[in-house]
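Chain residues, written in single-letter form:
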Amino acid sequence: MASSFWNIAYQQAMRSGVFVAKVYSFLHVTTNYLAFPAYAFGPSMIPTLHPSGNVVLAERISKPSRGDVVVFQSPEDPNKLPTKRVVGLEGDSVSFVVGPGKNDESRTIVVPKGHVWVEGDYIQNSRDSRIFGPVPYGLIQGRVLWRVWPFQDFGPIGPPTTT
Amino acid sequence: MGSSSSFWNVAYRQAMKSGVFVAKVYSFLHVTTTYLAFPAVAFGPSMIPTLHPSGNVVLAERISTRSRKLSRGDVIVLQSPEDPNKIPIKRVIGLEGDCESFVVDPEKNDESRTIVVPKGHVWVQGDHTQNSRDSRIFGPLPYGLIRGRVLWRLWPFQDFGPIDDHNLKK
């Protein structure tokens, strides 16, 4: 009596375990090759993203082009995943103000091969390529497609809205 | 009539079963190679004498790189900052904060430069520095581009054995 109870419990556990493993593998392959959700917060992408947080959908299929908002691993800290807009591709000349509060001194850089130049939509409060330089393609995790939550913000991510 | 449709039914079911089996094997291999270890083919002269220029199959693990426990002397598989489609293999010479001195252009002159490896980066060089595109050319490597740490040479069998750390680990 007791042993068949444990037998059944064991079989149930194995079946659930196998089911969980299948679901996990499916989700893992999907989020690695197709699309993944991400939570973006902070002021650097106002007005495209809300500083108190947006859940967005990012896809891994397309190659980033100018104007795309991308999620990437920060060259400064591999544990951080900033979200910024691609402003320049390899070969582009980008000009930026070195210290916006201090003076108007600007610098022009040619984006090297294999890299992109990213900037936040809210330039005044954004750590981006103006600080950590061009980002190698290999660090880009995905292109942000859609704002999913909160529902007032539901909709596609488009080109930067001009003020 | 009835027997031909059941032939296609059976064929269809066999195909589905093989398809599901293939999907399971693929998912298992994928999760293993993403989180545990993966094989890689290494060729080219930049890692002589550690790796043979005509090619070695090596085993690289992902556990130290995902938990960021790399040390000086580790041989790593990385994604090139110059070309994301290239996957070079080089040795970690410096960690963040280290001062690296190197000769800028060995053929032209003896002019050398010293760089401090910035936070979140490592400095990599090939063991055969005379013929290696590495951090002396493309600069410090961001941690996020590291794909794995090479553990073992698998093939050819004369080379079978662990990768040594060149006495860089103190």
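Because the structure is a prediction, the values reported are computed rather than measured.

A.B. asks: Got a minute to help me understand the overall build of chain B in this structure?
C.D. replies: The helix and strand inventory of chain B stands at three helices and 10 strands. Taken from the N to the C terminus, the helices and strands of chain B come in the order α-β-β-α-β-β-β-β-β-α-β-β-β. Here the C-alpha atoms of chain B give a radius of gyration of 22 Å, more than 25% beyond the 15 Å that 2.2 N^0.38 yields for 170 residues. Along the three orthogonal principal directions, the C-alpha set of chain B runs to about 85 × 35 × 30 Å. Looking at chain B as a whole, 41% of its 170 residues qualify as buried. Summed over its atoms, the accessible surface of chain B is roughly 10,000 Å², and 61% of this surface lies on carbon and sulfur atoms. Positive and negative side-chain charges in chain B, numbering 21 and 16 respectively, have mean positions lying 13 Å apart.

A.B. asks: Looking at this structure, I do not really get the pairing of strand 4 (residues 89–94) of chain B. What am I missing?
C.D. replies: The side chains of a regular strand alternate between both faces of the sheet. Residues and elements named next belong to chain B. Of all the six residues making up strand 4, five are buried; the element is thus mostly covered by neighbouring parts of the structure. In this sheet, strand 4 lies alongside strand 3 (residues 75–78) in antiparallel orientation, the contact comprising three bridges. For Val77, the partnering residue across the bridge sits in strand 4 and is Ile89. Two strands pair when backbone bridges link them, and strand 4 and strand 7 (residues 121–125) are joined in this way by three bridges, in the antiparallel orientation. For Gly94, the partnering residue across the bridge sits in strand 7 and is Trp123.

A.B. asks: It is not clear to me how the interface of chain A and chain B should be interpreted in this structure. Could you clarify?
C.D. replies: Accessible area lost on assembly of the parts is the figure often given for the size of an interface. Taken together, the contact between chain A and chain B spans 19 residues of the former and 20 residues of the latter. Both sides together, the interface formed by chain A and chain B hides about 1,600 Å², and carbon and sulfur atoms give 60% of it. Area buried by chain A at its contact with chain B is led by His28, Pro78 and Gly138 of chain A, which between them contribute 26% of it. At the boundary of chain A with chain B, the tally comes to zero salt bridges. Where chain A packs against chain B, one counts six residue pairs in polar contact (both at pLDDT 80 or more).

A.B. asks: Whenever I open this one, the UniProt feature "active site" (unreviewed entry) in chain A confuses me. Can you help?
C.D. replies: Residue and element names in this part refer to chain A. In the numbering used here, UniProt assigns the "active site" (unreviewed entry) feature to Ser44 and Lys84. The greatest C-alpha distance among the residues just named is 7.8 Å, despite their covering 41 residues of sequence, which places them together in space. By the element assignment, Ser44 lies in the loop between strand 1 (35–40) and strand 2 (54–59). Assessed through its relative accessible area of 11%, Ser44 is described here as buried. Ignoring anything within four residues of it in the chain, the contact list for Ser44 reads Thr83, Lys84, Gly120, Asp121, Tyr122, Asn125 and Ser126. A distance of 2.8 Å separates a polar atom in the side chain of Ser44 from a polar atom in the side chain of Lys84. Relative to the assigned elements, Lys84 resides in strand 4 (residues 83–88). Apart from residues lying up to four places away in sequence, Lys84 is in contact with Ser44, Met45, Asp68, Val69, Val70, Phe72, Val118, Glu119, Gly120, Ser126, Arg127 and Asp128.

A.B. asks: Looking at this structure, I do not really get the packing of aromatic side chains. What am I missing?
C.D. replies: Each aromatic ring pair is summarised here by two numbers: the centre-to-centre distance and the angle between the ring planes. Residue and element names in this part refer to chain A. Inspection of the entire model under this criterion finds eight aromatic pairs over all chains. With a centroid separation of 5.2 Å and an interplanar angle of 40 degrees, the aromatic rings of Phe96 and Trp117 are classed as tilted. Pair noted here: Phe96 is in strand 5 (residues 93–97) and Trp117 is in strand 7 (residues 115–119), with a separation of 21 residues, a long-range link. Under the relative-accessibility criterion, Phe96 is labelled buried at 6%. We classify Trp117 as buried; its relative accessible area is 1%. On the numbers, 5.8 Å between centres and 70 degrees between planes, the contact of Trp146 with Phe154 is edge-to-face. Residue class for Trp146 comes out partly exposed when judged on its relative accessible area of 33%.

The rules behind the values
Residues numbered from 1 in each chain as written. Chains lettered and ligands numbered in written order. Predicted model: local features only at pLDDT ≥ 70, side-chain atom pairs only at ≥ 80, totals over all residues. Heavy atoms only, no water. Helix = DSSP H or I, 4+ residues; strand = E, 2+ residues; numbered from the N terminus. Rg over C-alpha atoms; globule rule 2.2 N^0.38 Å. Buried < 20%, exposed > 50% of the residue type's maximum accessible area, 1.4 Å probe, protein only. Areas by Shrake-Rupley, 256 points an atom, 1.4 Å probe, with all protein chains shown as cover. Lys, Arg positive; Asp, Glu negative; His and termini not counted. Charge placed at Lys NZ, Arg CZ, Asp CG, Glu CD. Pairing = 2+ DSSP bridges. Contact = heavy atoms within 4.5 Å. Buried area = accessible area lost by both parts, 1.4 Å probe. Salt bridge = Lys/Arg side-chain N within 4 Å of Asp/Glu carboxyl O. Polar contact = N/O pair within 3.5 Å; in protein donor to acceptor, adjacent residues only side chain to side chain. UniProt positions renumbered as here; feature names shortened; annotations may be inferred. Phe/Tyr/Trp six-rings, centres within 6.5 Å; stacked < 30°, edge-to-face > 60°.

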